[in-house]
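Summary of structural features
The chain contents come next:
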Amino acid sequence: CGLRLLASLPLDMSLWYNLGSNIVNAVQPNDELRSAGKFMGLSGYSVPNPLIVNKLKGLFFEDPFMRGNKDSIDLHKYLNVFDIDIQQTEGFMNSVSDFDDCAFFSANWQETFEQIIMECIEPFVLKYDFPICLTGGCALNGLLDERIRKVTGQEVFVPPNPNDSGLALGGWFLNNWDRIGQYNV
């Protein structure tokens, strides 16, 4: 039951988030995790625009790239939502250089990311009284973790080094909950 619920959620949220972080020149990506963290921090320097967030969400949910078709990426449709100076670069398709534009881009991307995750998990969190444990790259997004805690009123546990290997552990816990559920795991 639980694994089927998990399988119905979009699984490429960290990929989508990293796409955004790679566009912003203020974040010099040395590696994916570091650039995503800096991108998240940059989002605090601006305020998201609800109209842009709604457009980005619509694009995300209709994007075949996010459903596993890795050959269909079209960043231009995302970038065209913003009225900022986007330059062509050799390293990546596009980049945003001005700090205020970078912060605005990051704030909207972060808010879109949080809303998409909340829309996906909130029905399950409200229906089932499971503890919340996040794994995978998205679990490292502290702003998202705090939003989940505030919206659901439940504690959110993020294990140390929550990479994708944590998915196997989560699957095991879910499958064996009847045996371990009586303990405060």
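For clarity, every value in this text was computed on a predicted model and none was experimentally measured. (Residues numbered from 1 in each chain as written. Predicted model: local features only at pLDDT ≥ 70, side-chain atom pairs only at ≥ 80, totals over all residues. Heavy atoms only, no water.)

Quick look at the packing of aromatic side chains now. Scanning the model with the defined rule gives 5 aromatic pairs in all. Measuring from centroid to centroid gives 5.6 Å for tyrosine 45 and phenylalanine 99, while their planes differ by 70°, and the two rings are edge-to-face. In this pair, tyrosine 45 is assigned in the loop between helix 3 (32–42) and helix 4 (50–62) and phenylalanine 99 in helix 6 (residues 99–127), connecting sequence segments 54 residues apart. What links up through ring pairs into an aromatic cluster is the set Tyr17, Phe39, Phe105, Trp109 and Phe113. (Phe/Tyr/Trp six-rings, centres within 6.5 Å; stacked < 30°, edge-to-face > 60°. Helix = DSSP H or I, 4+ residues; strand = E, 2+ residues; numbered from the N terminus.)

For the rest of this paragraph, the subject is the nonpolar core. Formed by 35 residues in total, the largest nonpolar core has its most connected members in Met13, Phe105, Trp109, Phe113 and Ile148. Looking at this core, the elements with two or more residues in it are helix 2 (13–23), helix 3, helix 4, helix 5 (75–79), helix 6 and helix 7 (142–152). Examining the composition of this core, we find that 11 residues originate from one element, helix 6, more than from any other. Sequence-distant contacts of isoleucine 148, defined by excluding residues within four places in its chain, comprise Ile117, Met118, Ile121, Ile132, Leu134, Gly153 and Val156. (Core = buried A, V, L, I, M, F, W, Y, C linked by side-chain atoms within 4.5 Å. Buried < 20%, exposed > 50% of the residue type's maximum accessible area, 1.4 Å probe, protein only. Contact = heavy atoms within 4.5 Å.)

Spatial relationships are all this shows, so hold off on functional conclusions.
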